[in-house]
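# Per-entry structural report
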Amino acid sequence: MSVDETLKIMIEENRVLETTCFPELGVPEGGFHKGKVRDNYEINDIEGIQFTTDRISAGDVELTGAIPLKGALFVEVQEYWAKKIEEEQICQHHLKKRLTTNSMLIEQLHTLGLEVIVRGFITGSAWRDFNQIIDYGKRHSSTNNKFYEQYGIELTPDMFEGGEIKKNAKFVKPIVTITTKADGDPGITVEEAYEFLQKRFNKIVLPLPIVEGEEERSLLLSASISDRNVLDYVIDCSKKLYKLGAEELAKKGKIFVDTKFEWGVRKYTKEQKINYTEPADCVVLADEWFTTDSSRFWELETYQERFEAEEEPQAFDKEYVRKYLQEAGLWKKKGVVLPDSVRLEAAKIICQAHEFLTGADLDDVVEGLKVGDSYFDQSHIVCHNLNCTYSQNDKLIKGYFVSIIAGSGSDIEKEKSPVKNISKTLKALNIPHGINVASAHRDPESLFELVDWFDSYSGDIIYIDVTGMSNGKGPSIAARTLNPVIINYENKSDKDSNEVWSSLQTPSGVAPTVAYGGTNSALAAAKILGLKHDEVKEGVEKYMQGKKAKVAEDNAKHATVYRPK
């Protein structure tokens, strides 16, 4: 199946990661933060999990209608460029380890609250601001416009190649503008940014040498780290990052038009007592970089011809969505639902950009993402990968998980699939779970590798085997693991009734459990987990009370004979 066909199907079935809700991650109260695109979970004082969803925003407004594959491809782009940044030793970044298709383990930071934008061309909001006259009583000049009013930068013809201020013209040298993270991302001058950071630092306790008996001091009291040299540092690093991207993309026939970077300062605990003496020690690149949300990219080959003809460049960025909203009169309006045609085109642009940003073959990338149920139920993989990252005595996350293992794709795809029924019931009980396909007969090695992988998770694991005509898988799993194994049996017809014996007649000492039907299999797993986890026990109780209420409701509706109470 081609990438285009995959995208169409994902839009038709709305197979997108629009939001995350993973209470099993065990974050402290107040530790979940939802941004316009990213969901962040704080797991301790200095680390967190960042999910890049498929949501999209424009004009500082979140739009309804997510873009398939967007989040996963963005994570791939960031991971690729993070390695480039490390190789060039430009700065430190907050990414620590990829956990799933859409999530990364990140370092928690005190954010600076600023966006540093490096512009190689005048386009987008910069061009609009330059053409927005402030005082209509004066003639249009290089200082009588919103761009100058915000940033304090006077744009003159000699700043541009060709000596003319024209839309999409290239700066002789890239310029830097700064915005705050307030509503509308208002622009400020460099001097205003210094003042902004001074106030910001007064609210942040940062790591400094602590003399015995002395109180913790703020960043401003350090001679070597101040609001002024921190801003100078992030501006310098932002320019170097832009230069790196521009040079690399030029080799691939693309123009790195402009981009934004966000920065933060390291958090610390009193026990660490770390002495940071330079901005490079504690100022860290945050949020995102080199994505089509944060950057603009143009086709190099056709740029000059289109520029001279006053036509828009061939673009690979979010400008396509912005243009649709502006032309439809929906710019900065809330509650906008993107049409499927716009979602599809936006997804194609992101896919095209992914290829030249990473050099990876998109077909291989999409195949590697395995866009199935596991794409949307990612919490168990996060838990597993986090727990494998840390020592057995230092687990960040403790939880539970149900692994559903089918024997073939047909067990999942058919209309009345027991796998779907099991998953539906587990979702109703808010129990994290995932689906895999494995065969004890055709590929036992892979089956055992899968079981060993799940068994390495420090939480509680229960396996549900969806049996076929001759079930060797369930008993094989039970012989491999010390964790409970439930064999789901579905009697398809009278002639299949003998199949149950393949599950019941297992050798002594293997001890799988056989349950009839997907709902019972899921409930059996939930009841076992409920012995240890109170929230699961309460969920099962609520689920069974709901079934009981349904019987009473049906009786009241259909009964013709009433017995006395």
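Residues numbered from 1 in each chain as written. Predicted model: local features only at pLDDT ≥ 70, side-chain atom pairs only at ≥ 80, totals over all residues. Heavy atoms only, no water.

A few words on the overall build of the protein chain. Secondary structure summary: the protein chain contains 19 helices and 19 strands in total. The burial tally for the protein chain puts 51% of its 565 residues in the buried class. Accessible surface, the protein chain as shown: approximately 28,100 Å² in total, 49% of it carbon and sulfur. (Helix = DSSP H or I, 4+ residues; strand = E, 2+ residues; numbered from the N terminus. Buried < 20%, exposed > 50% of the residue type's maximum accessible area, 1.4 Å probe, protein only. Areas by Shrake-Rupley, 256 points an atom, 1.4 Å probe, with all protein chains shown as cover.)

The subject of this paragraph is the pairing of strand S10 (residues 170–180). Residues in a regular strand project their side chains so that they alternate between the two faces of the sheet. Note: strand S9 (residues 109–121) against S10, 7 bridges, orientation antiparallel. Within S10, the position partnered with glutamate 115 by the bridge is threonine 179. Where S10 and strand S11 (residues 187–188) come together, 2 bridges link them in antiparallel fashion. Bridging from a neighbouring strand, threonine 179 pairs with glycine 187 of S11. Counting the residues in the hairpin turn of S10 and S11 gives 6 residues, including glycine 184, whose phi is positive at 85 degrees. (Pairing = 2+ DSSP bridges.)

Paired through backbone hydrogen bonds, the strands of a sheet run either parallel or antiparallel to each other. Across the sheet, which stays open at both edges, the 5 strands sit in the order S16-S15-S17-S18-S19 with parallel pairing between neighbours. The strands lining the two open edges of the sheet, one partner per strand, are strand S16 (433–437) and strand S19 (513–516). This sheet shows a mean twist of 25 degrees between the axes of neighbouring strands, independent of strand direction. Judged from the 4 bridges that link them, strand S18 (residues 485–489) and S19 form a sheet pairing that is parallel. When the bridges of S19 are listed, isoleucine 486 appears paired with threonine 513. (Axes fitted to C-alpha atoms, helices over the stretch in contact; angles between N-to-C directions.)

Of note, asparagine 168 is situated in the loop between helix H4 (146–151) and S10. Ignoring any residue separated from it by four or fewer positions in sequence, one finds asparagine 168 in contact with Phe121, Ile122, Thr123, Trp298, Tyr303, Phe307, Glu311, Glu312 and Pro313. (Contact = heavy atoms within 4.5 Å.)

Overall, antiparallel pairing links the 5 strands, which are arranged S1-S2-S3-S8-S7 in an open sheet. Two strands close off the open sheet at either side, each with one partner strand: strand S1 (32–34) and strand S7 (95–100). The sheet shows a mean angle of 25 degrees between the axes of neighbouring strands, direction not considered. In this structure, S7 lies alongside strand S8 (residues 103–107), joined through 4 bridges in antiparallel fashion. Paired with threonine 100 across the two strands is serine 103, which belongs to S8. Running over the sheet, helix H2 (residues 70–88) touches strand S2 (38–42), strand S3 (47–52), S7 and S8 and is turned about 145 degrees from S7.

With that settled, the discussion passes to the pairing of S9. Counting buried residues along S9, 11 of its 13 residues qualify, which places the element largely inside the surrounding structure. Summarising the sheet, S9 and strand S12 (residues 254–266) pair through 8 bridges and their orientation is antiparallel. Across the sheet, the residue bridging to leucine 109 is arginine 266, located in S12.

Before going further, it helps to spend a moment on the pattern of salt bridges. Under the criterion given, the structure shown has 31 salt bridges. In this structure, the salt-bridge partner of glutamate 115 is lysine 260, at a minimum N-O distance of 3.8 Å. You can see glutamate 115 sitting in strand S9 and its partner lysine 260 sitting in strand S12, a full 145 residues away along the chain. When salt bridges that share partners are traced, they join Glu115, Lys181, Lys260, Glu262 and Asp287 into one network. (Salt bridge = Lys/Arg side-chain N within 4 Å of Asp/Glu carboxyl O.)

Taken residue by residue, the protein chain gives an average pLDDT of 83. The fraction at 70 or more is 83%. In this model, residues 372–376 is a region of pLDDT below 50 whose contacts with residues beyond four sequence positions or in other chains number 13 contacts. Of the regions scoring below 50 in pLDDT, residues 388–398 engages in 23 contacts with residues more than four places distant in sequence or in other chains. (pLDDT = per-residue confidence, 0-100.)

Moving on to the packing of H2 against helix H6 (residues 227–250). Relative orientation of the contacting elements H2 and H6 amounts to 115 degrees, with a least axis distance of 11 Å. Relative to H6, the element H2 lies roughly perpendicular. Of the two possible hands of crossing, H2 and H6 adopt the one that is right-handed. Residues Trp81, Lys84, Ile85 and Glu88 of H2 lie in contact with H6, whose contacting residues are Leu241, Leu244, Gly245 and Glu248. Looking at the contact of H2 with H6, its residues break down into 4 nonpolar, 1 polar and 3 charged. (Parallel < 35°, antiparallel > 145°, perpendicular 65-115°, else oblique. Left-handed = near helix turned anticlockwise from the far one by under 90°. Nonpolar A, V, L, I, M, F, W, Y, C, P; charged D, E, K, R; others polar.)

So, about unusual backbone geometry. Excluding glycine, a negative phi dihedral is what most residues carry, and trans is how most peptide bonds are arranged. Even without being glycine, leucine 69 reaches a positive phi, approximately 75 degrees. Looking at where leucine 69 falls in the secondary structure, it is placed in the loop between strand S5 (61–63) and H2. For leucine 69, a relative accessible area of 0% gives the class buried. Phi angles above zero are rare outside glycine, and asparagine 168 is one such case at about 70 degrees.

A rise of 1.5 Å per residue sets the reference length of helix H19 (residues 534–558), with its 25 residues, at 36 Å; its end C-alpha atoms lie 36 Å apart and thus fit the reference within 8%. Burial in H19 covers these residues: Val536, Gly539, Val540 and Tyr543. The inward-facing, buried residues of H19 contact strand S15 (400–406), helix H14 (418–428) and helix H18 (518–530). (Expected span 1.5 Å × (residues − 1).)

The next subject is the state of the cysteines. This structure, assessed with the given rule, holds 0 disulfides. There is no disulfide at cysteine 237, and the cysteine sulfur nearest it, in cysteine 91, is 5.1 Å away. (Disulfide = S-S within 2.5 Å.)

Together, Glu355, Asp361, Asp363, Asp364 and Glu367 give the surface a local cluster of negative charge. Per-element tally for the negative patch: the top contributor is helix H11 (residues 362–369), with 3 residues. Looking at the secondary structure, you find glutamate 355 in helix H10 (residues 340–358). (Patch = residues over 30% accessible without salt bridge, like charges linked within 9 Å, V, L, I, M, F, W, Y side chains within 5 Å. Lys, Arg positive; Asp, Glu negative; His and termini not counted. Charge placed at Lys NZ, Arg CZ, Asp CG, Glu CD.)

What follows is about empty space enclosed by the protein. If you walk through the whole model with that rule in mind, you get 2 cavities of 30 Å³ or more. Its boundaries defined by the atoms lining it, the largest cavity holds a volume of some 60 Å³. Lining the largest cavity are Ile56, Thr292, Asp293, Asp317, Lys318, Val321, Ala346, Ile349 and Ile350. In terms of residues, the lining of the largest cavity owes the most to one element, H10, which gives 3 residues. Among the residues making up the lining of the largest cavity, the classes are represented as 5 nonpolar, 1 polar and 3 charged. For the second largest cavity, the calculated volume is near 40 Å³. Broken down by secondary-structure element, the contributors of at least two residues to the lining of the second largest cavity are H2 and H10. The element contributing the most residues to the lining of the second largest cavity is H10, with 4 residues. Residues of the lining of the second largest cavity, tallied by class, amount to 7 nonpolar, 3 polar and no charged. (1 Å grid on protein atoms, 1.4 Å probe; cavity = no way out; pocket = protein on both sides within 12 Å on 5 of 7 lines; lining within 4 Å. Points joined across faces, edges and corners; volume = space filled by probe spheres on them.)

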